[in-house]
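# Residue-level structure breakdown
Residue strings, one per chain:
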Amino acid sequence: MLLPPPPATTTPGLDRMSQAFEHSITWEDDVWHADPVDVELVHRKARSKFAELLDAVTGAKGGAAAQARILLFHGQSGAGKTHLVRAMRTASHRAGKAYFGYAQMTPDIANYADYYLRRLINSLEKPYDPDQGGESALARLTRHLVSDPAVLDPALLASLRDAEFDEASLARLVLDLADRIVASPKFAAQELDINIVRALLYLQRADPRIDQRVRQYLYGKPLTDLSHTAVAALDPNYGDGRAFEIIECLGKLMWTVDRSAFVFAIDQVEDLRFFDDYQERFQKAVRDLIQIANRLPTSIIVISVLEDFYAKAREGLAQSYIDRIEKSGTVPLIGTRTAQEARLIIARRLEHGAAMGLDYGVDDPSTLFTDSFYEEFSGLSTRRLLELAQTRCRDHGRNANSEETDKPGFLDALVQALGGNLFGTSAPDATAPADATGSVDFREMWERFSSDSQVEIPADDSGLVGVLQAALTLAGEEWPSTLDLTLERLALADDLPALDMTLRHKSGFTTESRIFLCNRSIQGGGFKRQLDRALGAMGTRTCFMLRASDYPPNTKSQTAQAFRKFRESGGRALLIPLAEWERILTVRDFHNHHRQDPGFTRWFEQSKLLSALGAIVQLLRLDLVNRNVTKVEGTSKANMTAVVEAAGDAFKLAGLNLGSIGQAAPQPALAPISALPHVSPALASSSAADWTGWAPQPGETTAVPTAAPGEQKPEEDLPLSVILDENGEGAGSILAGRMLKSNTAVTLNKNVLKRHAAVLGGSGSGKTTL
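Described in the following lines is the structure provided in the data block.

Definitions and limits used
- Sequence positions are assigned chain by chain, starting from 1 and proceeding in written order.
- For this predicted model, a pLDDT threshold of at least 70 governs which residues receive local features, and a threshold of 80 or more governs which side-chain atom pairs are given and counted, while totals over whole chains, interfaces and linings are taken from all residues.
- Note: side-chain values were computed over all heavy atoms of the structure, leaving out hydrogens and water.
- Runs of H or I in DSSP of at least four residues are treated as helices and runs of E of at least two as strands, each being numbered from the N terminus.
- In this scheme, a residue with accessible area under 20% of its type's maximum is buried, one over 50% is exposed, and one in between is partly exposed, where area comes from a 1.4 Å probe on protein chains only.
- Residue contacts are counted whenever heavy atoms from the two residues lie within 4.5 Å of one another.
- In these tables, accessible area is a Shrake-Rupley quantity obtained with a 1.4 Å probe, and a residue counts as shielded only by the protein chains included in the view.
- Two strands pair under a simple rule: DSSP has to find at least two bridges between them.
- Lines fitted to C-alpha atoms define the axes here, with helix axes fitted over just the stretch in contact, and angles between the N-to-C directions of these axes take values from 0 to 180 degrees.
- Between Lys or Arg on one side and Asp or Glu on the other, a salt bridge is scored when a side-chain nitrogen of the former is within 4 Å of a carboxyl oxygen of the latter.
- Multiply 1.5 Å by the residue count of a helix minus one, and that product is the helix's expected span.
- Read the arc as the range of directions from the helix axis to the C-beta atoms.
- Angular relationships are summarised with four words: roughly parallel below 35 degrees, roughly antiparallel beyond 145, roughly perpendicular across 65 to 115, and oblique for the angles in between.
- It is the rotation of the near helix from the far one that decides the hand of a crossing: anticlockwise by less than a right angle makes it left-handed, clockwise makes it right-handed.
- Residue polarity follows a fixed list, in which Ala, Val, Leu, Ile, Met, Phe, Trp, Tyr, Cys and Pro are nonpolar, Asp, Glu, Lys and Arg are charged, and the others, Gly among them, are polar.

### Quick look at the overall build of the protein
Secondary structure summary: the protein contains 28 helices and 15 strands in total. The buried share of the protein, reckoned over its 770 residues, is 52%. Sequence-distant contacts, at least 24 apart, represent 75% of the contacts inside the protein between residues at least 6 apart. Here the protein displays about 34800 Å² of accessible surface, and carbon together with sulfur accounts for 51% of that area.

So, in structure tokens, the structure goes:
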């Protein structure tokens, strides 16, 4: 008689350890940020090949010494092709040697040159710095173009940015400045497309209406007569080769202003196999890439493809195309990992998990992975290796002291690592979507849809408020059991669209917010009038101001003074760049198209396509999700010590010390303070304490626990919203660093570094001495 298995018990630390091995697939959204668990030993040959070519291009005179500038990377599924592209972008941007464009070959493309241009502009709108985020690559390129005093008079640049002009006068100034730039010794030999120079000059106005039209122009799209009046200095886009002309001009600017190469990578090329004429499509795609390489000697083209697809598609290529693609030598990407690589991958994941606050419950988590583990399972792909490590953690977390349960777990891991075919059956594919049908890959559909999307951003603020309302509603659907959201559109003034939002977290946090959309021009007083009306309509709610272009600089102008008054009144200013508005519209359209599909709702909740946007995080207070926000009175000395120690650690990580406040200091990327390895777990909670004298923000309430008569109330810690001064930039806060991805400033309240005390004593007791 077989006895039933003993009830499973779980070791929480080991179960948490399995989280360190999640996210084994690299998606397009990941490409723009550095991979914190990257192991440089993986695909070292391919990385070296790219680095050598990049050095040859940037070290030569305009790339003349590098003739073979097309790299072909090929490998099996799961070999890490997209991960490699991400690593190359990170390395080249860290070194400041390249501007990186990226395109996935998923959508149905009629004109590849136009598609490459759209994806290039989309890539340039992403943060240039892969570690700290912040300034986009396009903004960086533009700033370097106009900031050279030998090319452009600083006084004329200041006038372009700040002076008030009508559309005709602004056009004349842009025409004059563009002529000065292209005629300067620095650019005279480049034969630049003067219209692209004019377009980049227009971006200096920081006017959302102008930025949107410039963006459309850089996409190669024609402007309507009404839209063209706002950017009258730009000639109409026309001609079949217009996309190549824009790409060529941008590449020349990258080289001239930064001595940087133009790198363009195409990925997921094998998705062309879904079309009957895939060989013809591949040849057209390669033809246009070769033309870009011919036009730009400072360019590097990277083709990342499955090797079996390339073998088939190669049969339809002209020999001249094959010669150009393979001239530098194709680079095979080995999909299997050696024992040494496996050891480094596991160690890096464990280190990163610990740095992000995962408590493994053991002193040395690496002891779970013995030498035999790496020897037995070397030869697996990175993806399978991580799945196996995750299974090992979970198996050891159940019945950790039971030998009987260890063997089946090991066998299950082996079956999973071998693809589930040990007994002629198939194990579930970890890359498949977690939906009810188990057969629809919504992630792949999303990647294809977003790459092919050409949404139109509304030109007026009223239309954008509708988009924002839809975005908040959809973001709320990404947290169905966590957030309760109510939105109401307001009619405060014709030029001040607004929303009222009531937000409740399941943890008890509640806030009532008012959101103003203020996209009027800073020059001419349009933004100032919106500010004045917003100041009069703030009421008692927490107020946010949203804008698609930069806010006014901190000067003595009336607009800057009104903006400071808004901030000092408790208002919070958020920036949603045009690229993020476009993403919101794309997510909305994708959701409308698939919301009735079986399994889509669950996938949408898990993918959280909107919850990664910085403005959405702050509006919905996603930093407080799943945290205790109960408000109590009093705090202990130990809690105060934790606050001070945590603040000190944050200063150290930010390159600051308490004796250098107010001085210039480096601002490295910071993880959220709750994830910092030196911050106590207690500090990560979001409860309040009355001793600070800080009341909740207007409209924000928290649940108040009651205590039985005679029972002492529990002592809790400071809320994160108090420690991190969200209304920073004032005298009461200190800039400690910036967030890893969103580049949001991390500011600390000076008030949390001190605690008021009453010193009581009689005359002569030594109060002053103390």
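From this point, the discussion proceeds with the structure in view.
### Brief notes about the sheet that holds strand S2 (residues 98–104)
Reading across from one edge, S2-S3-S4-S1-S5 is the order of the five strands in this open sheet, with parallel pairing throughout. Edge positions in the open sheet fall to S2 and strand S5 (331–333), since each of these has one partner strand only. Mean inter-strand twist for the sheet, computed between neighbouring axes without regard to direction, equals 20°. Sheet analysis places strand S1 (residues 70–75) next to strand S4 (residues 299–306), joined by six bridges and oriented parallel. Each residue of the ladder has a partner; that of leucine 71, found in S4, is valine 302.

### Focus on the environment of glycine 80
By secondary structure assignment, the location of glycine 80 is in the loop between S1 and helix H4 (81–94). Using a relative accessible area of 23% as the deciding quantity, one classes glycine 80 as partly exposed. It is 9.0 Å that separates the C-alpha atoms of glycine 80 and valine 42, two residues lying 38 residues apart in sequence.

### Overview of the pattern of salt bridges
On inspection of all chains with the given rule, the structure shows 35 salt bridges. For glutamate 248, the salt bridge identified is with arginine 295, shortest N-O distance 2.8 Å. With a gap of 47 residues between them, glutamate 248 in helix H12 (residues 242–258) and arginine 295 in helix H13 (residues 278–295) connect regions that are remote in the sequence. Classification of glutamate 248 as buried rests on a relative accessible area of 18%. Between aspartate 277 and arginine 281 there is a salt bridge, with the nearest N and O atoms lying 2.9 Å from each other. A residue is classified by how much of its surface remains accessible, and arginine 281, at 12% relative accessible area, is buried. By sharing partners, the salt bridges in this structure join Asp29, Arg443, Glu447 and Arg583 into a single network.

### Topic: the sheet that holds strand S8 (residues 510–517)
Sheets are built from strands that pair by backbone hydrogen bonding, the pairs being arranged parallel or antiparallel. With respect to topology, five strands assemble into an open sheet ordered S6-S7-S8-S9-S10, the strand pairing being mixed. At either margin of the open sheet sits one strand with a lone partner, and together these are strand S6 (483–493) and strand S10 (572–575). Pairwise comparison of adjacent strand axes, ignoring direction, gives a mean angle of 25° for this sheet. In this structure, S8 lies alongside strand S9 (residues 542–547), joined through five bridges in parallel fashion. Of the residues in S9, the one forming a bridge with arginine 514 is cysteine 543. Helix-sheet contacts for helix H22 (residues 526–536) involve S6, strand S7 (496–505), S8 and S9, and the interaxial angle to S9 is about 165°.

### A word on helix H8 (residues 167–183)
Helix length check: H8, at 17 residues, gives a terminal C-alpha distance of 24 Å against a target of 24 Å (1.5 Å per residue), a fit within 8%. Of all the positions in H8, only Leu170, Ala171, Leu173, Val174, Leu177, Ala178 and Ile181 are classed as buried. Considered in projection along H8, the buried side chains sweep an arc of 165° and stay on one side of the axis. Set apart from the buried face of H8 by more than 90 degrees, the exposed residues are Arg172 and Ala183. Check the buried side of H8 and you find it contacts helix H6 (137–146), helix H7 (154–162), helix H9 (194–202) and helix H10 (208–218).

### Observations regarding the packing of helix H21 (residues 461–477) against helix H24 (residues 578–594)
One way to put it is that H21 packs onto H24 with a least axis distance of 10 Å and a crossing angle of 60°. Taken together, the axis directions place H21 and H24 in an arrangement best described as oblique. Judged by the sense of rotation from one axis to the other, the crossing of H21 with H24 is left-handed. Between H21 and H24, the residues in contact are Leu464, Val467, Leu468, Ala470, Ala471, Leu474 and Glu477 and Trp581, Ile584, Leu585, Val587, Arg588 and His591, respectively. Within the contact of H21 with H24, the residues separate by chemical class into 10 nonpolar, one polar and two charged.

### Focus on the packing of H13 against helix H15 (residues 319–326)
Where H13 meets H15, the axes come as close as 11 Å, and the angle between the chain directions of the two elements is 60°. The pairing of H13 with H15 is recorded here as oblique in orientation. Taken as a pair, H13 and H15 cross one another with a handedness that is left-handed. On H15, the residues that touch Gln283, Val286, Arg287 and Ile290 of H13 are Tyr321, Arg324 and Ile325. Its residues assigned to classes, the contact of H13 with H15 comprises four nonpolar, one polar and two charged.

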